[in-house]
Structure formats: C-alpha cells, structure tokens
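Commentary on secondary and tertiary structure
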Amino acid sequence: MNYRKYLTQNILPFWLSNAFDTENDGMFYSLDKNGNVTDFNKNISFMGRALWTFATVYNTLDAKPEYLSACRSLHNFIKKCVLPDGKLPFVTDKSGNALETRKLFHEEAHAAMGCAAYYKACKDEEVKNDALKFFDITYNMYMTDDARKETTKDGAERYIFGRDMFVLSVAQAMRCGGINSPKIDSLAKRSIENIANTGYINDSLKIVNEYVGANGEIFDIAQTKGEKALAEAMAF
C-alpha cells in the first residue's frame, strides 16, 4: 500500500469534506462510513490530535492551504473551550460548552502538541504561547506523582506505562515545532527516568508491563505482554 497516497487522497479528504463545523469551528469525531455526523458533541483530545495531524502533513508532505485552514478552525475552537482554570474539557457540545471534564492532562497535552505543530506551520506567536500554556498544565500535573497513577476498582494504585511515554512524546512534539525551554527538557528527562526505573520492562518474564504497582508488582499478565504496550514502546 502507498500510505502517503492513501492518507492524502482518502483519509484526509474524507475528514475535510465531512467533519468540520463551518459554523462553530472545530470538527466532529463520530461519522459513519458515508461521512454523516452521528454525534454532534466534540472531543477535545481528538481535536488536539487532529490539529497535530493536519499541521504535520502541512509541514512535511504538502503545504496545501486547506490543511492550514483546518488547523485554524481547530485552534480557534480549542481556544474558546478553555475553562477559567486554564484547563480544557474532555467533551463539549458543538458550540464549545463543556459537557464533561477529567482530572487528567491528556486534553492539554494533545492541545500542546497540536499547537506546536501548527506554530511551525504558521509562525504565529499567539499559537506558540498557547502551546506553552497547555504544556505548562501538562508539566505541572505530570510532575506530581499522582498524575502517573490510577486506582483500580480494588483500591490498588498502579503506574501506567502509556502516560510516561505520552509525556515524552509531548516534549518531543514541542521541540519539533521549534519551541524549546528548560522545562521541556526537564519533562523529557523525567519521563525517561520513570520509564527506565518504574519496572515496566521485565527482563525475567520478557514482557513490557502496561501497569506496575508502587512496589513493582505486575497487574494482569494477559494485558501487560500484549501487542499494545510493545507497539507503543517501539513507536516512542
């Protein structure tokens, strides 16, 4: 398969033609195979990822004006969804009113990555500042150990491999967008240290653990030795 051709002639045109909200900006994330919108709410993490995607394609494959227009629409919508505390909601209605929030940093992290890539494309200092604002929230939350963990239904705390890898990708996306700071370097260093020292990589069992307890205990071998964690580890 010619992946570049499939991306630029199939996937991106489908979303550009069907998913964007010309009235309120942003895009819908739930479409059927014919391009009909099946849910008019909006997912902010999805839009951060979409912003990164369209900006990265613009920066690396083809500087088409429609890709930059898509970025502008996504950036505009994300900005108007910012809550009074600077965080972003998880889900909004089509106008941008918050419907669901989370105590995580994923929305801000995806927005930071998207804004960094968009800044590389447009060189707008306002976009750069937005990337840094969303990055700061991600940084401040991740540096508190609680943000790396979740509590199971049984009350056990466990660290999550994906979150440590995720913030490493956030730091790298900021750098790739031409945004550098000691705080970005600090986040990358901390995430690498956490990946190396938390116990995710188990040499004796020859697995990569998706979840690890505070004392190195393994949660559910069936989950931790699957393709997901291994594929993510290779990608990051």
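For the structure, check the block above.
Per-chain numbering applies: the sequence of each chain, read as written, is numbered from 1 onward. The predicted nature of this model means local features are confined to residues of pLDDT at least 70 and side-chain atom pairs, given and counted, to a pLDDT of 80 or more, with totals for whole chains, interfaces and linings taken over all residues. To get the side-chain values, take all heavy atoms of the structure and skip hydrogens and water.

Residue position: glycine 199 is located in the loop between α7 (182-197) and β8 (201-202). Throughout, a residue-residue contact means that at least one pair of heavy atoms, one from each residue, lies within 4.5 Å. Apart from residues no more than four positions distant in its own chain, glycine 199 is found in contact with Asn209 and Val212. Runs of H or I in DSSP of at least four residues are treated as helices and runs of E of at least two as strands, each being numbered from the N terminus.

This next bit is on the packing of aromatic side chains. Aromatic pairs are defined between Phe, Tyr and Trp rings, using the six-membered ring for Trp, whenever the two ring centres lie within 6.5 Å; interplanar angles under 30 degrees are classed as stacked, those over 60 as edge-to-face, and all others as tilted. Inspection of the entire model under this criterion finds 10 aromatic pairs. Ring centres 6.0 Å apart and planes at 45° place the aromatic pair tyrosine 29 and phenylalanine 46 in the tilted group. With a gap of 17 residues between them, tyrosine 29 in the loop between α1 (3-18) and β1 (30-31) and phenylalanine 46 in helix α2 (residues 44-60) connect regions that are remote in the sequence. Relative to tyrosine 200, the ring of phenylalanine 161 lies with its centre 5.0 Å away and its plane at 45°, an arrangement referred to as tilted. In this pair, phenylalanine 161 is assigned in helix α6 (residues 161-176) and tyrosine 200 in the loop between α7 and β8, connecting sequence segments 39 residues apart. We call a residue buried when its accessible area falls under 20% of the maximum for its residue type, exposed when it is over 50%, and partly exposed in between, using a 1.4 Å probe and counting protein chains only. Its relative accessible area of 3% is what places phenylalanine 161 among the buried residues. Given a relative accessible area of 0%, tyrosine 200 falls into the buried group. One aromatic cluster in this structure is built from Phe14, Trp15, Tyr29 and Phe46. The residue whose ring lies beneath arginine 102 is phenylalanine 90, and the NZ or CZ to ring-centre distance is 3.9 Å. In this scheme, Lys NZ or Arg CZ marks a charge over a ring once it lies within 6 Å of the ring centre and within 35 degrees of the ring normal.

Let us look at α2. In this analysis, the expected span of each helix is defined as 1.5 Å times one less than the number of residues it contains. Given a rise of 1.5 Å per residue, 17 residues ought to cover 24 Å, and the 24 Å separating the end C-alpha atoms of α2 matches this to within 8%. For α2, the set of buried residues is Ile44, Ser45, Phe46, Met47, Gly48, Ala50, Leu51, Phe54, Ala55, Val57 and Tyr58. In this structure, the buried residues of α2 make contact with α1, β3 (42-43), α3 (65-80), β4 (91-92) and α4 (106-122).

Now for the layout of surface pockets. A volume near 350 Å³ is recorded for the largest pocket. Taken together, 16 residues make up the lining of the largest pocket; nearest its centre are Trp52, Thr56, Met113, Ser169 and Ala173. Contributing elements (two or more residues each) for the lining of the largest pocket: α2, α4 and α6. For this classification, the nonpolar set comprises Ala, Val, Leu, Ile, Met, Phe, Trp, Tyr, Cys and Pro, the charged set comprises Asp, Glu, Lys and Arg, and every other residue, Gly included, is treated as polar. Here the lining of the largest pocket is built from residues that sort into seven nonpolar, seven polar and two charged. Cavity means a closed set of points on a 1 Å grid over the protein atoms alone, one where a 1.4 Å probe fits but cannot get out, pocket means an open set with protein on both sides within 12 Å along at least 5 of 7 lines, and lining means a residue has an atom within 4 Å of a point. Grid points are joined across faces, edges and corners, and a volume is the space filled by probe spheres set on the points.

Attention now goes to α3. Its 16 residues give α3 an end-to-end C-alpha distance of 23 Å, which sits within 8% of 22 Å, the value for a rise of 1.5 Å per residue. Those residues of α3 not exposed but buried are Tyr67, Leu68, Ala70, Cys71, Ser73, Leu74, His75, Phe77 and Ile78. Each element contacted by the buried residues of α3 is listed here: α1, β3, α2, β4, α4 and α5 (125-142).

Glancing now at the packing of α2 against α3. All axes here are fitted lines through C-alpha atoms, helices being fitted over the stretch that makes contact, and every angle between N-to-C directions spans 0 to 180 degrees. Where α2 meets α3, the closest approach of the two axes is 9 Å, and the angle between their N-to-C directions is 150°. Judged by the angle between their axes, α2 and α3 are roughly antiparallel. For the pair α2 and α3, the sense of crossing is left-handed. Between α2 and α3, the contacting residues are Ile44, Met47, Gly48, Ala50, Leu51, Phe54, Ala55, Val57 and Tyr58 on the first element and Tyr67, Leu68, Ala70, Cys71, Leu74, His75, Phe77 and Ile78 on the second. Along the lines of polarity and charge, the residues of the contact of α2 with α3 split into 15 nonpolar, two polar and no charged. Under this scheme an angle from 65 to 115 degrees is roughly perpendicular, one under 35 degrees roughly parallel, and one over 145 degrees roughly antiparallel; angles in between are oblique. The handedness criterion is simple: a crossing whose near helix is rotated anticlockwise from the far helix by less than a right angle is left-handed, and one whose near helix is rotated clockwise is right-handed.

The next thing to look at is a nonpolar patch on the surface. Patch membership requires more than 30% relative accessible area and the absence of a salt bridge. Residues of like charge join within 9 Å; the nonpolar side chains Val, Leu, Ile, Met, Phe, Trp and Tyr join within 5 Å. To be clear on the numbers: accessible area is Shrake-Rupley with a 1.4 Å probe, and residue cover counts the displayed protein chains and nothing else. For this analysis, a salt bridge means a side-chain nitrogen from Lys or Arg found within 4 Å of a carboxyl oxygen belonging to Asp or Glu. On the surface, Met1, Tyr3, Tyr6 and Ile11 cluster together to form a nonpolar patch covering roughly 490 Å² of accessible area. Overall, the relative accessible area of 32% leaves isoleucine 11 in the partly exposed class.

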